[in-house]
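Each chain, written out:
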Amino acid sequence: MAALLMPPLRPRKDRVFRGTISHLTNLNDDELRRRYRFGKDSIAYLCNLLQDRLRRPTNKATALTVEQQVCIALRFYASGSFLQVIGDTLGYDKGTVSRVVSDVTDALIDIKDDFVSWPTDVDSINRIKCGFYRQSNFPNVLGCIDCTHVRIQAPSDDEPSYVNRKGYHSINVQAVCDFEGRFTNIFANWPGSTHDSHIFNTSTLSNYLQTNHRGLIDGVILGDSGYACRPYLLTPYANPTERHQQRFNGCHASTRSVIERTFGILKRRFHVLHSEVRMKPEKVCRIFGACAVLHNIALSRNEPLVNDDGAGVRLDQPVQVPAFLGVQDGRNTREHVARVFFNH
C-alpha cells in the first residue's frame, strides 16, 4: 500500500559528454569574427595568454579545454545572449556556461594591468600627445574621460540607487582612452544614479593626478561640462564669448569625441554591454573590465569590426606647450591654453 502512495521516480538522464568545438577549423576568419569577434590567430593568442589560469587540474578526457572555455566566453561577450541560449548553441549546459564565463572573466581581470594601464613613461606619453594633436590640433592631451551606462536587471539590494537619469537600472562606468580608442583607465564600481563627477573624485586616477600632476608639462585629460575644470582636467567654457574661447570649445568637442566613439565600438564589438545583463552588479563590473581588456587586445592585433577601417597615428615629438606661470587652477590653465593655441 505504501508503495502505491510513493511518487514515481524520474528516469535518470544519461550523461552526455561534448566533443571539442570545431568552429576553429570549420570557419574562416570572417565567420569567426562574426561569432567571437576574433580571428583564428587571435583566439589562439588568447588561449596561450590565459592557459595557466584556465587549464583544469585534472586528467579527465571530458574536462573543458582552454580553447573551449575561451570560445564559450567570447560567444557570450559577443552576442549578449542568455546563458541558456549560449549553452544550447554550443552544446553545453547552462551551469557550465555560467562557470566558464566567470572563470574567463576572472582570468582577464587578472591580466588587466598588462593591457589597460595609465601612461607613465616618456615615450608612451609623447606618443599619445602627438596622436591627439595630429588628429584634432589640441595640445598636450593624455586622454579623454567620460562615463557610460551598462543596463542591468533590477538588483534586489539597494535597487533605487541603480536607476539612472534615463529611468532604467544600470552600472555607471568611467573610462579614459587615448587617441586610438585604447582604454588607459577603467573605473567600474558605481550604480547608475551616481554622477560622473563623483565617480571621478573617488577614483584612483583622480588621486594619482592630484598627487603627481606638475602642470601642463605633464599633459591634461579632457572631460565634458559634467566635470569640474582642474589643471589636469580641462572642460569646455560654459558661456564662451571671445573667439579663442569658442575655438577652444570646438576643438575640445572634436578631440573628446574619441571616448564616445570608443564606447560605441566597445558595445558594438561586445553586445553583452549593449543589452540588459542579467547578473549581479559586481559581476557586470568585472565583465566590463574583461571586455575592455579584450577591446585593447583587439586593437593591438588589428582585429577589425564589420565595415570598420580605423587608422593609427604616430609622431615622434609632441607640440611644445609654453609654460604656464599663473595661478595653477583649472580655469586659468584652460584660459592659458585657449589664448595660446586658439586665439587666431
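Going by the structure above, here's the rest.
Predicted, not measured: the structure shown is a model, and the values here were computed from it.

Caption draft 1: Highlighting helix α13 (residues 281–300). Helix length check: α13, at 20 residues, gives a terminal C-alpha distance of 29 Å against a target of 28 Å (1.5 Å per residue), a fit within 8%. A large share of α13 lies buried, amounting to 15 of its 20 residues. Following α13 by one or two positions, N302 adopts a phi angle in the positive range, close to 55°.

Caption draft 2: The pairing of strand β1 (residues 141–151), seen in detail. The buried fraction of β1 is high, at 10 of 11 residues. One ladder, built from 3 bridges, connects β1 with strand β4 (residues 220–222); its direction is parallel. Considered in β4, the bridge of G143 is made with I221. Relative to strand β2 (residues 170–177), β1 runs antiparallel, the two being bridged by 8 bridges. Counted as the bridge partner of C147 is Q174 from β2.

Caption draft 3: Inspection of the packing of aromatic side chains at higher detail. Counted according to the given criterion, the structure contains 6 aromatic pairs. When the ring of F183 is compared with that of F263, the centres are 6.3 Å apart and the planes differ by 35°; the resulting orientation is tilted. Note that F183 is positioned in strand β3 (residues 183–191) and F263 in helix α12 (residues 243–269), a separation of 80 residues in sequence. Comparing F183 with F263, the two get one shared label, buried. Through pairs of rings, three or more aromatic residues link up here, namely F138, Y237 and F248. Positioned above the aromatic ring of Y168, the side-chain terminus of R151 is 3.9 Å from the ring centre. One Lys or Arg, R301, reaches over the ring of Y45 and ends 4.6 Å from the middle of that ring.

Caption draft 4: Fine view of the state of the cysteines. Enumeration according to the criterion identifies 0 disulfides in this entry. Take C71: it sits in no disulfide, and the sulfur closest to it among the cysteines is that of C47, at 6.1 Å. Overall, C71 belongs to the buried group, its relative accessible area being 0%.

Caption draft 5: Structural view of the side chain of N172. Relative to the elements of secondary structure, N172 occurs in strand β2. Since its relative accessible area comes to 0%, N172 is described here as buried. Among the polar contacts listed, one links the side chain of N172 to the backbone oxygen of T194, at a separation of 2.9 Å. Within polar-contact distance, the side chain of N172 engages the side chain of D196 at 3.1 Å. Excluding anything up to four places from it in sequence, N172 contacts C147, T148, H149, F187, W190, P191, G192, T194, D196 and I199.

Caption draft 6: Structural context of the sheet that holds β2. The strand order across the open sheet built from 5 strands is β3-β2-β1-β4-β5, with neighbouring strands paired in mixed fashion. Edge positions in the sheet fall to β3 and β5 (233–234), since each has one partner strand and no second. The strands touched by helix α9 (residues 122–136) within the sheet are β1 and β2, with β1 carrying the most contacts at an inclination of about 80°.

Definitions and limits used
- Residues numbered from 1 in each chain as written.
- Predicted model: local features only at pLDDT ≥ 70, side-chain atom pairs only at ≥ 80, totals over all residues.
- Heavy atoms only, no water.
- Helix = DSSP H or I, 4+ residues; strand = E, 2+ residues; numbered from the N terminus.
- Expected span 1.5 Å × (residues − 1).
- Buried < 20%, exposed > 50% of the residue type's maximum accessible area, 1.4 Å probe, protein only.
- Pairing = 2+ DSSP bridges.
- Phe/Tyr/Trp six-rings, centres within 6.5 Å; stacked < 30°, edge-to-face > 60°.
- Lys NZ or Arg CZ within 6 Å of the ring centre and 35° of its normal.
- Disulfide = S-S within 2.5 Å.
- Polar contact = N/O pair within 3.5 Å; in protein donor to acceptor, adjacent residues only side chain to side chain.
- Contact = heavy atoms within 4.5 Å.
- Axes fitted to C-alpha atoms, helices over the stretch in contact; angles between N-to-C directions.

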